[in-house]
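Per-entry structural report
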Amino acid sequence: MDPECFLRPEVSLSDESAAAARFTNTAQDRQNCRVSAADFDYLKVIGTGSFGEVLLAKYKENNRYYAIKVLKKRIILKKEAEGNVMCERNVLVKTLNHPFLVRLHFSFQTKERLCLVLDYASGGEVDLKPENILLNSEGHVVLTDFGLCKEGIVGRATTKTFCGTPEYLAPEVLQQQEYDRTVDWWGLGAVLHEMLYGLPPFYSADRIKMLGNIIYQPLVLEAGVSKTGKDFLKRLLNKDRSKRLGAKHDMDEIKRHAFFSSIHWDDLVAKKIPPPFVPTVTGPDDLTNINPAFTRLPVPEFTDVCEEAGLTFPDFSYISATSY
Ligand code: ATP
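Residues numbered from 1 in each chain as written. Predicted model: local features only at pLDDT ≥ 70, side-chain atom pairs only at ≥ 80, totals over all residues. Heavy atoms only, no water.

With respect to the pattern of salt bridges
The tally for this structure, following the rule as stated, stands at nine salt bridges. Among the ionic pairs, Lys69 bridges to Glu88, the shortest N-O distance being 2.9 Å. Taken as a pair, Lys69 in strand 3 (residues 64-72) and Glu88 in helix 6 (residues 82-94) lie far apart in primary sequence, 19 residues in all. Arg235 serves as the salt-bridge partner of Asp231, at 2.7 Å between the closest nitrogen and oxygen. One end of the pair is Asp231 and the other is Arg235, both in helix 10 (residues 227-236) and four residues apart, which spans about a single turn. A relative accessible area of 41% means that Arg235 is categorised as partly exposed. (Salt bridge = Lys/Arg side-chain N within 4 Å of Asp/Glu carboxyl O. Helix = DSSP H or I, 4+ residues; strand = E, 2+ residues; numbered from the N terminus. Buried < 20%, exposed > 50% of the residue type's maximum accessible area, 1.4 Å probe, protein only.)

Some words on the side chain of Arg103
Mapping Arg103 onto the fold places it in the loop between helix 6 and strand 4 (104-109). Residue classification places Arg103 among the buried positions, given a relative accessible area of 16%. Polar contacts involving the side chain of Arg103 include one to the side chain of Asn97, which spans 3.1 Å. (Polar contact = N/O pair within 3.5 Å; in protein donor to acceptor, adjacent residues only side chain to side chain.)

Digging into the sheet that holds strand 3
Spatially, the six strands line up as an open sheet ordered 1-2-3-5-4-8, and their pairing is antiparallel. Both outer strands of the open sheet, strand 1 (40-48) and strand 8 (318-319), are each paired with one neighbouring strand and no more. Note: strand 4 against strand 5 (residues 113-119), five bridges, orientation antiparallel. Across the sheet, Ser107 pairs through a bridge with Leu116, a residue of strand 5. (Pairing = 2+ DSSP bridges.)

A closer look at the nonpolar core
By size, the foremost hydrophobic cluster in this structure holds 41 residues, and its most contacted members are Ile76 and Leu104. Secondary-structure elements contributing two or more residues to this core are helix 6, strand 5, strand 6 (133-135), strand 7 (141-143), helix 7 (171-174), helix 8 (182-197) and helix 9 (207-216). Looking at this core, the element that brings in the most residues is helix 6, giving six residues. Shared between two domains, this core takes at least three residues from each, and those domains are domain 1 (12-145 + 281-319) and domain 2 (166-249). (Core = buried A, V, L, I, M, F, W, Y, C linked by side-chain atoms within 4.5 Å. Domains from an automatic or database assignment.)

Some words on the site of the ligand
Close to the ligand lie 18 residues, the nearest being Ser50, Lys69, Asp119, Glu125 and Asp145. Take Asp119: an N or O atom from its main chain is 2.7 Å from a nitrogen atom of the ligand. In this structure, a nitrogen atom belonging to the ligand sits 3.0 Å away from a main-chain N or O atom of Ala121. Contact with the protein chains removes 85% of the 620 Å² of surface that the ligand exposes when unbound. Among the secondary structure elements, those contributing two or more residues to the shell around the ligand are strand 1 and strand 3. In terms of residues, the shell around the ligand owes the most to one element, strand 1, which gives three residues. Residues belonging to the shell around the ligand are distributed by class as follows: seven nonpolar, six polar and five charged. (Near = heavy atom within 4 Å. Areas by Shrake-Rupley, 256 points an atom, 1.4 Å probe, with all protein chains shown as cover. Nonpolar A, V, L, I, M, F, W, Y, C, P; charged D, E, K, R; others polar.)

Some words on the packing of helix 8 against helix 10
Two elements in contact, helix 8 and helix 10, have axes whose closest approach is 8 Å; the angle formed by their N-to-C orientations is 145°. Between helix 8 and helix 10 lies a crossing whose hand is left-handed. Contacts from Trp185, Trp186, Leu188, Gly189, Leu192, His193, Leu196 and Tyr197 in helix 8 reach Lys230, Phe232, Leu233 and Leu236 in helix 10. In terms of residue class, the contact of helix 8 with helix 10 is made up of nine nonpolar, two polar and one charged. (Axes fitted to C-alpha atoms, helices over the stretch in contact; angles between N-to-C directions. Left-handed = near helix turned anticlockwise from the far one by under 90°. Contact = heavy atoms within 4.5 Å.)

Have a look at this one:
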């Protein structure tokens, strides 16, 4: 999903974040190497991803807890994913003040690793599969992982890059046809289907079969979901992207659907609507909502030296103006 499209970048691009983004790349900043691997105590593994672990860490400067996403350069280069990683970092910098996107505080690199220092979302994952939808300690949603997002798809622009988790991909992406922002509305439908029914739409344990189902099989919605919910899903999961909900007026069409009739959008963005589920969290470093399969893993050691402006990722490092 393209978070910029999904949750209106205009809201998040404040002057502060724009200034912060500019602050990132000053030569002064790069020389100083002001935040480095040695500034943190690494406490636990709280997740694993394609390029390395996500660690709970304490910043020695202010004793605050952060989630540090560690990406191993060797694996990034092997998978030729330099562009994806820089895209993830850029989107995080651009969406700094968004209420429901994970907040980046710093990024730095060592000789062997890239590190993104993020808010720790201690409330755990929403569901088994949508593991990139986390909850913070108050129960508000925090979206993470923009590694496969596409920057700059505005208006009716299209692209052909094949990326994303197959379960949530629109038929036009699977068929390697041109696609546009409406793939995100399909993605929303797929995640909502999983939340309402327990499985993504067109699901089959046989991956190839599932891909075929997404492209060719008509959508069947079983009982157990309200008429409005089914109508919303049907419109989002329209295989014809020109007829999909959101194709004409983007987010406005989504917001106007009866499924959201009880939502006051300004209150939602201002986090004034109490979350329906508040996780039990005892403190900023609480790990009870994190899968023990991760927390049991050994915490890797950073023995390699800080490298402020690496050759392969020269513009990776970043310091938020407000994170000291
Ligand atoms: P993928 O293989 O899905 O591409 P990835 O390498 O992009 O993964 P993430 O999905 O960003 O890595 O992170 C892996 C896991 O770490 C997440 O599913 C989540 O459980 C956990 N995690 C990531 N960021 C945070 C955070 N800010 N707070 C708490 N847990 C997090």
